[in-house]
Amino acid sequence: MDTKRKKELLAAYHDRRPEMGVISLRCGITDEAFLTSAADIPAKWNRIRFQLSAGNCPNKRLQELWKQYGEGAFEFQVVKRLEYEDPKEDHEEELEALCESCLLENTKARRLWK
C-alpha cells in the first residue's frame, strides 16, 4: 500500500463518527443486566466479549454468569445513543450522565465497571 493511500485511510479513521451511547448486557436466565457507557459501541462490545471469553472480565458476577450459562444466554443491546456534533470532542461526561440516567430508569441494572 502506498503512502498516499495510508494517509487517506488514516484521515478517514480520524474523521469517522463512532456510535456512542449506553450498552446493556443482560443474562436472559437470571434477568441481571449490566450497563456501561461506550465512546465506540462496536469496539466496546468486542472488548467485553473478548474479556469474558478469556475469563478476564473485571466484573466477577458477570464473569460467573458467562461461565455458567455461556454467550448464548446473553442479550446485547444499545439502551440509548448519544447524539453529538464533533467527533473530536471529549464526550466522556455526557456518556457518564447518560449511563447514570439509564441506571436510575432501570433499578434492576447495575454498572458493568465499578
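This text follows the structure it describes.
Quick caveat: nothing in here was measured; it's all calculated off a predicted structure. Sequence order as written defines residue numbering, which begins from 1 separately in each chain. Per-residue local features of the predicted model are confined to residues with pLDDT of at least 70, and side-chain atom pairs are confined, for both listing and counting, to 80 or more; whole-chain, interface and lining totals are unaffected and use all residues. With hydrogens and water excluded, all non-hydrogen atoms of the structure serve as input to the side-chain values.

Colleague: Looking at this model, I keep getting lost on unusual backbone geometry. Mind explaining?
Modeller: One can expect most non-glycine residues to show negative phi and most peptide bonds to be in trans. One non-glycine residue, aspartate 31, adopts positive backbone phi at about 65°. Strands here are runs of E lasting at least two residues and helices are runs of H or I lasting at least four, both read from the DSSP assignment and numbered beginning at the N terminus. Tracing the chain through its elements places aspartate 31 in the loop between strand S1 (21-27) and strand S2 (33-38). Each residue's exposure class comes from its accessible area (1.4 Å probe, protein chains only) as a fraction of the maximum for that residue type: buried when under 20%, exposed when over 50%, partly exposed otherwise. Its relative accessible area of 37% is what places aspartate 31 among the partly exposed residues.

Colleague: Explain the sheet that holds S1 to me, please; I cannot follow it from the model alone.
Modeller: Pairing between sheet strands relies on hydrogen bonds along the backbone, with the strands arranged either parallel or antiparallel. Think of it this way: DSSP has to see at least two bridges between two strands before they count as a pair. Spatially, the four strands line up as an open sheet ordered S3-S1-S2-S4, and their pairing is mixed. Of all strands in the sheet, those bounded by a partner on one side alone are strand S3 (74-81) and strand S4 (110-111). As defined by bridge partners, S1 adjoins S3 across seven bridges and the pair is classed as antiparallel. Paired with arginine 26 across the two strands is glutamate 75, which belongs to S3.

Colleague: How should I be thinking about the pattern of salt bridges in this particular structure?
Modeller: We define a salt bridge as a side-chain nitrogen of Lys or Arg found within 4 Å of a carboxyl oxygen belonging to Asp or Glu. Applying the stated rule across the entire model yields 12 salt bridges. The salt bridge involving aspartate 31 is made with lysine 108; its shortest N-O contact spans 3.5 Å. Residue aspartate 31 is located in the loop between S1 and S2, and its partner lysine 108 is located in the loop between helix H4 (92-105) and S4; the two are separated by 77 residues in the primary sequence. Taking the relative accessible area as the measure of exposure, lysine 108 reaches 62% and is therefore exposed. Between glutamate 32 and arginine 61 there is a salt bridge whose closest N-O contact spans 2.6 Å.

Colleague: Would you mind going over the side chain of serine 24 with me for this structure?
Modeller: The topology assignment puts serine 24 in strand S1. Contacts between residues were defined by any pair of non-hydrogen atoms, one from each residue, lying within 4.5 Å. In contact with serine 24, other than residues within four places in its own chain, are Ala33, Phe34, Leu35, Glu75, Phe76, Gln77 and Val79.

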